[in-house]
Each structure stands twice: as C-alpha cells, then as structure tokens.
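In case you want the letters, here they are:
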Amino acid sequence: VEVNLLKNNASLTNTVNQSNALSQKLQYHDKLSVLTAQEKLIIFFLASYIDPQDNSFRDVCLPIKQFCDILDINLCGGKQRKLLEDSLYRLSHKGFWVVSNGGKRKEIGRWISKGVIDYEKGEITLRLDDSLRPFFLNLRDSARTIFQLGYTVRFKKKHTCDLYALCKSAAGLKYWNIPYNELQGLLGGGYSRYYNLEQRVLRPCLLEINLLSDIMVEYKPIKKNNHVIAICFKIRNKTKQEKKNMGLEYQKFNKGKEIYDHFYVAAELFPELTRIQQEDDVNRSNAQDKVKKDCILERIYN
C-alpha cells in the first residue's frame, strides 16, 4: 500500500505521533549515529503521514521538488543531487538503541528501509523501517508524544528536534527530570562535561525551542557531590499572547452556546488545528491534574 502525495501538497499542519519510549529512551550508539536536523525532519515527515489505524508502514511517494522544498534542499545540478542521495544513504545506515527495564534490555532499531529516487518521473519514495512499528503504530494516548510537523521544520540545530520531542513527551508535567547518562545517550555520548553540554546543546537548542515552538522550557542541573546527575526541565505551554507575539494567529469561533479556543495557529504555516492537537490539549490538562510529585520536584528545582 502506498501513500501517494503527488497530487496533494504536504501539509505542515500534520501531526507526529510517536511513543514516549522513543522520545525518552532513544540512545544513539555514538556521535556518528546521531541524526542531523535534516535527517530528523525526514523521519518526522514520514511519521506525520502514518494513519493511527495502520498496522504496518506504507510507502510515502511525493515529488522530489516538494520533498526538497520541505527540507530546504536546493536541488540544482548534479552536485546537489549527490548531496540528496548521500543524505538518504547515510540515514538508511544509521541505527539506535531503545533502552528499557532499567537498562537490562536494549533493542536496536533502524530508521528507513526503502529509499527510491526516480529522476525521470520526478518522484521520491520512502518507507520507515519495520523496527519502528512499536514506536509509531497502535499507541495508547497516555504513551504517545504528539507535536506538529510545522514546528520542527523551523529548527536548525542538530539536537533541537530530539530535545523538543523529549520535552513534548513530558506534556502535563510541570517539572520533569532526566538522568544525565540518559540525556548523554540521547545526544550521542559526546558531552561528558556538563559545561560543554550546556554551551553547545542546552542553551542554543532550548533557545530555538522557546523562540520557534509552542512550548517554553527552562532547565537546571541536579548535583550530587558536585557532579551533575540529572537535568530538571520546567516545561509549559505558551500562552495565547505569547503565540500571537511570535507570529501565531489566535482566533475564536462560536458553536451554539459554547466558545472554543480554536486556533493558536500560524497564518502561513498552520491554517488549521487538527483533531489530534485538540485531544493533546485535553490529555495534557488531565495529566497535569494527576501530578502528585510537583511539590518534591519544585523543591529540587528551586
């Protein structure tokens, strides 16, 4: 079965649904296996076309030009074609580990299993690898990370997409901490010193998230014996005014006697809010009501 997008413009309002385990427990094997911002966007793009009712992945086929426009690739001349081919080839050979059961179980995964570029037809066909099925298909609402593709298109830093997905997976929790070694694995293990991690990853990437996405994130290291053992993130949704200030349009519409806050949507990028996004707001609100550890984490943060 194939998802053919040749006659339909790919919408940046599409929603990505992925497992919290993939957002939080993904461990890159080394620095070379870490996805670039462009490679991560390819994965999110493919994931945004998954039907929640699907039991298997389908081929995603779309015009090469459209694909390159989304990824901001200037496809002019043979040199640029070579860059496109190299990027897909490297992506097909990169893997990762998903750690569970307290580190006692590790499962290896791959990103894509199929990549076809047909220059004569002007088409590109891609498919996610079957090892990703547990992380994208048949997910429970409480176990999925939900975000809009359009926000990730804006990110330029290598690790911003990973940190954004990580923070979105903690939706509903005012404070959320991750052990330092797990964060290290998510970044490819290349930052053994906290100073380097903060200067090269946390500050620049969270600046992008705060400026260009729908959430605001602060962080603080948790130390024991003068060693950083975890990072505590303080995460909140942006207010309507904040979204409006960053170029997002806020609208209301009436339906019967009720007034719905319908859009905080970019006039150009986000012409509509999907049903899943509305469910996400409800799930986040319900989760926030159930948080019992805020007081403890707040003392840690403060």
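Thresholds applied
Residues numbered from 1 in each chain as written. Predicted model: local features only at pLDDT ≥ 70, side-chain atom pairs only at ≥ 80, totals over all residues. Heavy atoms only, no water. Pairing = 2+ DSSP bridges. Helix = DSSP H or I, 4+ residues; strand = E, 2+ residues; numbered from the N terminus. Axes fitted to C-alpha atoms, helices over the stretch in contact; angles between N-to-C directions. Contact = heavy atoms within 4.5 Å. Phe/Tyr/Trp six-rings, centres within 6.5 Å; stacked < 30°, edge-to-face > 60°. Buried < 20%, exposed > 50% of the residue type's maximum accessible area, 1.4 Å probe, protein only.

A. Region of the structure containing the sheet that holds strand β11 (residues 215-224). A sheet is described by the order of its strands in space; here three strands give the open sequence β10-β12-β11, paired in antiparallel fashion. Only two strands of the sheet have a single partner each, and these edge strands are β10 (175-179) and β11. Strand-to-strand, the axes of this sheet are offset by a mean angle of 25 degrees, without reference to chain direction. Against the sheet, helix α7 (residues 160-169) contacts β10, β11 and β12 (227-237), and its axis sits at roughly 90 degrees relative to β11.

B. Broad picture of the packing of aromatic side chains. Enumeration over the complete set of coordinates arrives at six aromatic pairs. Relative to Tyr 49, the ring of Phe 45 has its centre 5.4 Å away and its plane inclined at 65 degrees; by these criteria the two rings are edge-to-face. Residues Phe 45 and Tyr 49 agree in their burial class; the two are buried. With a centroid separation of 4.4 Å and 40 degrees between ring planes, the pair formed by Phe 96 and Trp 111 is classed as tilted. Highlighted residues: Phe 96 in strand β5 (residues 95-100) and Trp 111 in the loop between β6 (105-110) and β7 (112-118), separated in sequence by 15 residues. In terms of burial, Phe 96 and Trp 111 fall into one category: buried.

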